[in-house]
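# Structural overview for review
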Amino acid sequence: MCGIAGFIGAGSRRDLVAMTTRIVHRGTDAAGYWENPAKGVYLGHRRLSIVDLSGGAQPMSTPDGLLHIVFNGEIYNHLELRQELEQAGCVFQTDHSDTEVLLHGYRIWGENFVSRLNGMWAFAIWDETRQCLFASRDRFGKKPFYWFYRDGVFAFASELKAIMAHPSAPRSVSQTARRKLFAYALVPAPHSMIDGIWKLPGGHTLHFSQGNDPIIRKWWEFQLEPDESLTNENSLAEELRELLTRAVKRRLMSDVPLGIFLSGGIDSSAVAALAAAGTDPGQLKTFAVGFREATFDESPYAASVAKFLGTTHQCEVLDLQAARSLLPELLGAVDEPQGDNSLLPTWLLCGFTRRHVTVALGGDGGDELFAGYDTFRGLAMAETYSRLVPKPVHAGLGALISMLPVSHSNLSLDFKLKRGMRGASYPQNIWNPVWLGALEPREIAEFCGGSPDPEEIYSEAIEAWDACNSKNIVDRTLEFYTKIYLQDGILAKVDRASMLHSLEARSPFLDIEVANFARKLPNHFKLRNGTTKFLLKRALRGVIPDEIIDRKKKGFGSPVGSWLKEGLISPRDSTEFTKRRAEAHRAGTADERLFLWCQLSMEAWENSLNLQNPNP
């Protein structure tokens, strides 16, 4: 796991060093640089050594000096690909570096070789022969890749802070991205918070040659293709269990200490169980954090699973009230503002885990692929409400629901009801972002100014909705969560939280074999009669304790709502809009935790970069 940066055009090695210095936390073991000043090509790398510790230094070049690469990530099938390449006549210089596999793979198979990869990655290859840069990002966008092309300079980096160290980088806040942040509680690709700097979306490649605009190409997309001939639950459950077992085994590949994030939920428990099955008793390390606030604490469940599996389990009990003092540091350090307040406990868990291991496996992706969120249970009710209740009545019912007492417990009933009622009052193609977002469309116009077009604000959600092969609302929601929420919400959060501690996080559920299985699986195997993750739960019977499979989903959160109500944290009351929301939240007449958290996150991020928002 590493941090990468580079540029083509005006600049110097000093600029490259400045860029990589800003991502030292992504690679604390070594720094490397390759440059061709005559052609204005500069590649930089920060290394966190995980695989082939002695032979995997970067930037890496082919012996003939014609290909040069900087790479962030892990290729889990690199040994199989190496064998194929050796049979094709490639001679390897390293013992088992996956980076060298990428160089030879590009040379032998061309740019489409990325379709052969099973892993997570963001890399850039400079091709001397073709005088071009080829870059790629993994299917789900697990590893970040930012870029800009301005005034004849093309630059890229793993983080906004790194790319903005180049003197040609833009520095103005994108008002489009700001609106989308409050609409989604995340910033969806290809947008970034800086106007003129873009994210390369997951499943895309980028081709750049001097004097030409970058060419972006989609090479993979998560798209559901349900196979209705799949009917045998027993065989499907067995197949899923086998695919997950292989996915976990691949991700146990490491030359440094490794462990498992264990929350006590289904997904992380499954990963721990399948890893333990292939590990000597007591050798597998699992990590959890507990909280003094009972409604947010899942550590007893994690301990129960660890005991069942016989892992060496470590749990650190944290006082979130004390951890609150770390928020300004954390929110200023993350690369973009985001609305998920579980960032704090995730960051704390990563810090605790990093004191013991360098690599950790987690359960990310299970909810998105197999319909694990409570949202899926509410779809039928929302559809019925939208169809049968006249639109003029929606506002009155919404006002009635808003009178319910506000609770700041984790995923409280009033929070779910208010969110559900709010989203169902809009067209179906934007239900999901409205449910997740900090502000409704009319509120975004009031807060951000102007008359933003809802079709522009929610363009990514609408595109995902319309592009779904199925017209079934469950399938369409699955694609939204997998294409947008997973990439720019969950994975971005985990990548930022883990890499701030120089910890590599791996996600077996995002193995391409598991993902392809989920794509073909009809949705009644994911959601059935109100039961989420139906087939996954069946596949895990006997693998993890029944109490874990059958318990209510809790989620990983923090008491932000209470902190805001008590005035322990607060954004600047810089506008009448923000003042009204903050006052209503403190008075207990409204739950504004998502908006206030997004605003707090936005302010801390701007301050960290010394940016000024022209429309605060």
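Attention in this report is confined to the structure presented alongside it. All of these numbers come straight from a predicted model, not from anything done at the bench.

### Some details on the nonpolar core
Note on soluble globular proteins: their nonpolar side chains tend to be buried together. Counting 183 residues, the largest nonpolar core has Leu117, Phe123, Ile163, Leu344, Phe370, Phe376 and Tyr458 as its most contacted members. If one sorts the elements of this core by residue count, helix α20 (residues 473-499) sits on top with 13 residues. Filtering out sequence-adjacent residues up to four positions away, phenylalanine 376 remains in contact with Asp367, Ala371, Val474, Thr477, Leu478, Tyr481 and Leu527. Of all hydrophobic cores here, the second largest spans 18 residues; its members include Trp126, Leu133, Trp147 and Phe156.

### Considering the pattern of salt bridges
Should their charged atoms come close, side chains of opposite charge can pair. Per the counting criterion, the structure on display carries 40 salt bridges. Here arginine 130 and glutamate 111 are joined by a salt bridge, their closest N and O atoms 3.3 Å apart. Residue arginine 130 is located in the loop between β6 (119-127) and β7 (132-137), and its partner glutamate 111 is located in the loop between α3 (98-109) and β6; the two are separated by 19 residues in the primary sequence. Its relative accessible area of 44% is what places arginine 130 among the partly exposed residues. What makes glutamate 111 buried here is its relative accessible area of 19%. A salt bridge links glutamate 298 to arginine 551; the shortest N-O distance between them is 2.5 Å.

### Details of the sheet that holds strand β13 (residues 258-261)
Read from one edge of the open sheet, five strands run β15-β14-β13-β16-β17, paired in parallel fashion. Edge positions in the sheet fall to β15 (312-318) and β17 (504-506), since each has one partner strand and no second. Geometrically, the sheet is characterised by an average inter-axis angle of 30° between neighbouring strands, direction not taken into account. With three bridges connecting them, strand β16 (residues 359-361) and β17 associate as parallel partners. The partner of alanine 360 across the bridge, within β17, is alanine 505.

### Thoughts on the packing of helix α6 (residues 233-250) against helix α21 (residues 512-520)
Their axes nearest at 8 Å, the elements α6 and α21 cross at an angle of 155°. By the criterion of interaxial angle, the relationship of α6 to α21 is roughly antiparallel. Along the contact surface, α6 presents Leu236, Glu239, Leu240, Leu243, Leu244, Arg246, Ala247 and Arg250, while α21 presents Glu513, Val514 and Phe517. For the contact of α6 with α21, a count of residues per class yields seven nonpolar, no polar and four charged.

### A closer look at the packing of aromatic side chains
Summed over the entire model, instances satisfying the criterion amount to 27 aromatic pairs. Note on tryptophan 147 and phenylalanine 154: the rings are 6.0 Å apart at their centroids and 25° apart in plane angle, and the pair reads as stacked. Taking the centre distance of 5.7 Å and the plane angle of 45° together, the rings of phenylalanine 182 and phenylalanine 595 count as tilted. Taken together, the residues span a long stretch of sequence, with phenylalanine 182 in helix α5 (residues 175-184) and phenylalanine 595 in helix α26 (residues 593-609) at a distance of 413 residues. Residue class for phenylalanine 182 comes out buried when judged on its relative accessible area of 0%. Overall, phenylalanine 595 belongs to the buried group, its relative accessible area being 1%. Three or more aromatic residues link up through ring pairs in this structure, and these residues are Tyr373, Phe376, Phe480, Tyr481 and Tyr485.

Quick notes on the rules
Residues numbered from 1 in each chain as written. Predicted model: local features only at pLDDT ≥ 70, side-chain atom pairs only at ≥ 80, totals over all residues. Heavy atoms only, no water. Core = buried A, V, L, I, M, F, W, Y, C linked by side-chain atoms within 4.5 Å. Buried < 20%, exposed > 50% of the residue type's maximum accessible area, 1.4 Å probe, protein only. Helix = DSSP H or I, 4+ residues; strand = E, 2+ residues; numbered from the N terminus. Contact = heavy atoms within 4.5 Å. Salt bridge = Lys/Arg side-chain N within 4 Å of Asp/Glu carboxyl O. Pairing = 2+ DSSP bridges. Axes fitted to C-alpha atoms, helices over the stretch in contact; angles between N-to-C directions. Parallel < 35°, antiparallel > 145°, perpendicular 65-115°, else oblique. Nonpolar A, V, L, I, M, F, W, Y, C, P; charged D, E, K, R; others polar. Phe/Tyr/Trp six-rings, centres within 6.5 Å; stacked < 30°, edge-to-face > 60°.

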